[in-house]
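So the chains spell out like this:
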Amino acid sequence: MLVNEEFKNEIKRTFRSSYEEAIIAGSDGSGWHIKEKSSLKDIDESEFFVLTMSSQLFRIFILMHFSKQGPTEQYVCDVLKINPSNLDDEKFYDYLGEVGNSFLGSVKRDIGRYVPSLGMSTPNRLNKNCLKYMDALNTNFEAHAVAEYQDQPLFYASVYLVADDDLNIEITRNQIEEVDSGELEMF
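Predicted model only: the values in this text are computed from it and were never measured.

Rules behind the numbers
- Residues numbered from 1 in each chain as written.
- Predicted model: local features only at pLDDT ≥ 70, side-chain atom pairs only at ≥ 80, totals over all residues.
- Heavy atoms only, no water.
- Helix = DSSP H or I, 4+ residues; strand = E, 2+ residues; numbered from the N terminus.
- Buried < 20%, exposed > 50% of the residue type's maximum accessible area, 1.4 Å probe, protein only.
- Areas by Shrake-Rupley, 256 points an atom, 1.4 Å probe, with all protein chains shown as cover.
- Lys, Arg positive; Asp, Glu negative; His and termini not counted.
- Charge placed at Lys NZ, Arg CZ, Asp CG, Glu CD.
- Salt bridge = Lys/Arg side-chain N within 4 Å of Asp/Glu carboxyl O.
- Core = buried A, V, L, I, M, F, W, Y, C linked by side-chain atoms within 4.5 Å.
- Contact = heavy atoms within 4.5 Å.

J.: Sorry if this is basic, but what is going on with the overall build of the chain here?
T.: Of the regular secondary structure elements, the chain holds three helices and seven strands. N-terminal to C-terminal, the α/β element order of the chain is α-β-β-β-α-α-β-β-β-β. With the principal axes as the frame, the chain shows a C-alpha extent of 50 × 50 × 25 Å. Among the 187 residues that make up the chain, the fraction classed as buried is 44%. Within the structure as shown, the chain displays about 10,500 Å² of accessible surface, and the carbon and sulfur contribution to it stands at 46%. The averaged location of the 32 negative side-chain charges in the chain is 3 Å from the averaged location of its 18 positive side-chain charges.

Written out as structure tokens, the structure reads:
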């Protein structure tokens, strides 16, 4: 399937800005650096959340990779403002699931400007061994990034596009932005 470069570039831009927005929320943004990676073949994160967004023309898979270990657990404790002894699996995974929801929701909001009627999944946590099945999807586009907090990689993310047919989605920068639900419009 052929996918126009303009749409691929918009997915990549949206992926990166949404990732940064979701990761930084609730923490000191000055300590974060989001960097592009060419692939995630060399990472050793033990788990990931997979979230999907779909239309009648394509599916987008967002993966957020992590390991439940010292620095990541400490970061979650800091954001939740709890003592590390009070961080159980439920709190840890709930927090990261909410980050994933925010991440995908932001991508959906931005891509939804160009493609109406997008559906969204809830986060599903999987073991890294499940990543081998991504190759079976015959993706049309992918991008990857790492989120480093105080120069330590804590989270990685991937976006994959799978088109069911050729896609030629026009991206216009001057589209009127709609008011998001929850915002008040003053007259």
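J.: It is not clear to me how unusual backbone geometry should be interpreted in this structure. Could you clarify?
T.: Here Gln150, not a glycine, exhibits a phi torsion of approximately 50°, which is positive. With respect to the secondary-structure elements, Gln150 resides in the loop between β6 (141-149) and β7 (152-163). Note on Gln150: relative accessible area 57%, which makes it exposed. Of note in this structure, Asp151 is not a glycine but carries a positive phi near 65°. Its location among the elements puts Asp151 in the loop between β6 and β7. Assessed through its relative accessible area of 63%, Asp151 is described here as exposed.

J.: Would you explain the environment of Ile23 in this entry?
T.: Mapped onto the secondary structure, Ile23 falls in helix α1 (residues 5-24). Looking at Ile23, the relative accessible area reads 3%, which means it is buried. Distance in space between the C-alpha atoms of Ile23 and Glu45 is 17 Å, their sequence separation being 22 residues.

J.: Looking at this structure, how should I read the pattern of salt bridges?
T.: Two side chains with opposite charge may pair up if their charged atoms get near one another. Applying the stated rule across the entire model yields 13 salt bridges. Residue Arg109 is joined to Glu21 by a salt bridge in which the shortest nitrogen-to-oxygen separation is 3.8 Å. One end of the pair, Arg109, is in helix α3 (residues 89-111); the other, Glu21, is in helix α1, and 88 residues separate them in sequence. Judged by its relative accessible area of 31%, Arg109 falls in the partly exposed class. Bridged by salt links that share partners, the residues Glu10, Arg13, Glu21, Arg109, Asp110 and Arg113 form one connected network.

J.: I keep staring at the environment of Phe49 and nothing clicks. Help me out?
T.: Take Phe49: it is sitting in strand β2 (residues 47-54). Given a relative accessible area of 5%, Phe49 falls into the buried group.

J.: Hey, could you run me through the nonpolar core in this one?
T.: As a rule of thumb, soluble globular proteins bury nonpolar side chains together. Ranked by internal contacts, the top residues of the largest apolar core, which has 49 residues, are Phe7, Phe58 and Phe155. Contributions of two or more residues to this core are made by α1, β1 (32-37), β2, β3 (58-66), α2 (70-80), α3, β6 and β7. With nine residues, the top contributor of residues to this core is α3. Ignoring anything within four residues of it in the chain, the contact list for Phe7 reads Phe58, Ile111, Val115, Leu161, Leu167, Ile169 and Ile171.

J.: Even after reading the chapter, I still don't get the side chain of Asp110, so can you show me in this structure?
T.: The residue Asp110 is located in helix α3 in this model. On the basis of relative accessibility, which here comes to 5%, the residue Asp110 falls in the buried class. Filtering out sequence-adjacent residues up to four positions away, Asp110 remains in contact with Arg13, Thr14, Ser17 and Ser18.

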